[in-house]
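Observations on the three-dimensional arrangement
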Amino acid sequence: MHNRDRVDSGASSPGVVTTEGARADVLGTGSAGADGGLVDGVTRLGAGGGGPEAPVAWRVPAALPARVPAEQRGSGRDDVRLLVSRGCAVSHHAFRELPGQLRAGDVLVVNTSMTLPAAVNGRVGGERVVVHFSTRGEDGRWAVELRAPGGPGVTGPRPGGPAGAVVRLPGGRALVLEEPLGPSAGARLWWARAPEPVPELLRRYGRPIRYGYTERDQPLSAYQTVFAAPSPDGNGSAEMPSAARPFTAALVAELVRRGVLFAPLSLHTGVASAEVHEPPYPERFAVPAATAWLVNAVRAARGGDLASGGRVIAVGTTAVRALESAAGDDGMVRPAGGWTDLVVTPRRGVRVVDGLLTGLHEPQASHLLMLEAVAGREALRRGYEAALRERYLWHEFGDVHLILPDEERNAPSCFSNEW
């Protein structure tokens, strides 16, 4: 999940790393939900407001977005760096060293959603637009965003709607905007009806949504993970579940050889705002019975001692959202599917997930609240300071961050989410 098409400039304050540069399109997940505190939480993490409660404020320097996939700048997909946070302790590794950071009995929860070629050129009257297909509704309509084409591969914001507008698509096809998704004033996503199955339309005419900091277009294969599997209904993600991108078949085999377990689920990510960092919208997810059973068994086998048994480690924020959506108040995971509007915040906390493998997120991303819920505020601050100091690469083609619990029984706790 990623963030956004925003350009910042100006001198930095002490302790604040500046960011310049833009990205063209951004996608994300979910809706604000009843937990609340999202805006305050993002500001507190330094998303531009700062203030006495902000323990870390940063911007991503222009040199740090990964502009091409790892295999085009190194020896393969797994040729990225791995930042490891164990509580407040930070260490630096190659991603190929991941097996040495895990142990037999750990379970990696992975998202099997395939990335769709979700961007299609179109016209509204005489105006050129780019249609971003986000999410399929229960009635067959799709939530879409119309963007204004810019430079090569880059789009910018455009007013949504209007209702009844006909979007002409390649091959003589058309899309009709029917109603906004959410409040009509300034609505970005609109429900639209297409005359044929959208997955087939995307296969013929679509391309991956590209981000403004990348150097060039990439094939759809560059946006698929080793865990991606076709959905029976042709649905998938508008954005790649990118935390899993560095995995290769050889690395998966090595992890299995060492006794690490894999538990699949799916969550189809939608299109989030490229400019305003809004909370995630509801998304389709499915947690199968086998995954629920395995996660529960690993947690039961270790009892209350994390140091003596397997840990549940989500690969990506999408896996956290899906798994936590299937977890009850009692901490048991049950087979579940449908729509989730869960937003994981420090106030809500996590019930099942012990650790998280994720990319590096921009300061206004709502995903940071989820990371804080897993890691704690101080651990997150130290991790991001280290990532900036050591010049880790950001975004979907960049480096990754493994967040693990501190299992030293006598170590001082750095886990604090007090507001």
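Bear in mind that the values here come from a model prediction, so they are computed numbers and not experimental data.

A few words now on the packing of aromatic side chains. Counted under the stated rule, the structure contains seven aromatic pairs. Ring geometry for Y211 against Y213: centres 6.0 Å apart, planes inclined by 10°, an arrangement best described as stacked. In this structure Y213 comes out as buried when scored by relative accessible area, which is 5%. With a centroid separation of 6.2 Å and an interplanar angle of 65°, the aromatic rings of Y384 and W394 are classed as edge-to-face. Of the two residues, Y384 sits in helix α9 (residues 377-389) while W394 sits in the loop between α9 and β16 (400-404), which places them ten residues apart along the sequence. Exposure remark for Y384: the relative accessible area of 1% places this residue in the buried category. What makes W394 buried here is its relative accessible area of 0%. A cation over an aromatic ring shows up here: R81 above the ring of Y392, its NZ or CZ 4.0 Å from the ring centre.

This next bit is on the pairing of β16. Along any regular strand, the residues point their side chains to alternate faces of the sheet. Counting buried residues in β16 gives five out of five residues, a clear majority hidden from the surface. Because side chains alternate across β16, one face comprises the buried residues V400, L402 and L404, and the other comprises H401 and I403, equally buried. Where strand β15 (residues 355-358) meets β16, three bridges bridge the pair, whose relative direction is antiparallel. Bridge pairing in β16 places T358 opposite H401.

A separate point is the environment of A379. Tracing the backbone through its elements, the reader meets A379 in helix α9. What makes A379 buried here is its relative accessible area of 3%. The sequence separation of A379 and S85 amounts to 294 residues, and the corresponding C-alpha distance is 7.1 Å.

Per the stated rule, a full pass over the model turns up 27 salt bridges. Of the charged contacts in the structure, one is a salt bridge between D78 and R96, with a shortest N-O distance of 3.1 Å. Of the two residues, D78 sits in the loop between α2 (70-73) and β1 (81-86) while R96 sits in the loop between β2 (89-94) and α3 (98-101), which places them 18 residues apart along the sequence. Ionic pairing is found between R302 and D354, a salt bridge with its closest N-O pair at 2.7 Å.

Any segment with low pLDDT has predicted coordinates that should not be analysed in fine detail. Residues at a pLDDT of 70 or more form 81% of the protein chain, whose mean pLDDT is 83. Confidence over residues 1-56 falls short of pLDDT 50; this stretch has 200 contacts with residues more than four positions distant or in other chains.

It is characteristic of soluble globular proteins that their nonpolar side chains tend to be buried jointly. One finds V109, L323, V333 and W394 to be the most contacted residues of the largest nonpolar core, which totals 45 residues. At the level of secondary structure, the elements contributing two or more residues to this core comprise β3 (107-111), β11 (261-268), β12 (283-287), α6 (289-302), β13 (312-315), α7 (317-325), α8 (367-375) and α9. Every residue in contact with L323, bar those within four places of it in the chain, is listed here: V109, L265, V287, V295, V312, V333, V352 and V353. A118, A119, V124 and W142 belong to the second largest nonpolar core, which has 26 residues in total.

We now examine the pairing of strand β9 (residues 174-180). Bridge analysis of strand β8 (residues 166-168) against β9 gives three bridges, and the strand direction is antiparallel. Of the residues in β9, the one forming a bridge with R168 is A174. Connecting the antiparallel pair β8 and β9 is a turn made up of five residues, with G171 showing a positive phi of about 75°. Inspection of the sheet shows β9 paired to strand β10 (residues 189-193) by four bridges, in the antiparallel sense.

Quick notes on the rules
- Residues numbered from 1 in each chain as written.
- Predicted model: local features only at pLDDT ≥ 70, side-chain atom pairs only at ≥ 80, totals over all residues.
- Heavy atoms only, no water.
- Phe/Tyr/Trp six-rings, centres within 6.5 Å; stacked < 30°, edge-to-face > 60°.
- Buried < 20%, exposed > 50% of the residue type's maximum accessible area, 1.4 Å probe, protein only.
- Helix = DSSP H or I, 4+ residues; strand = E, 2+ residues; numbered from the N terminus.
- Lys NZ or Arg CZ within 6 Å of the ring centre and 35° of its normal.
- Pairing = 2+ DSSP bridges.
- Salt bridge = Lys/Arg side-chain N within 4 Å of Asp/Glu carboxyl O.
- pLDDT = per-residue confidence, 0-100.
- Contact = heavy atoms within 4.5 Å.
- Core = buried A, V, L, I, M, F, W, Y, C linked by side-chain atoms within 4.5 Å.

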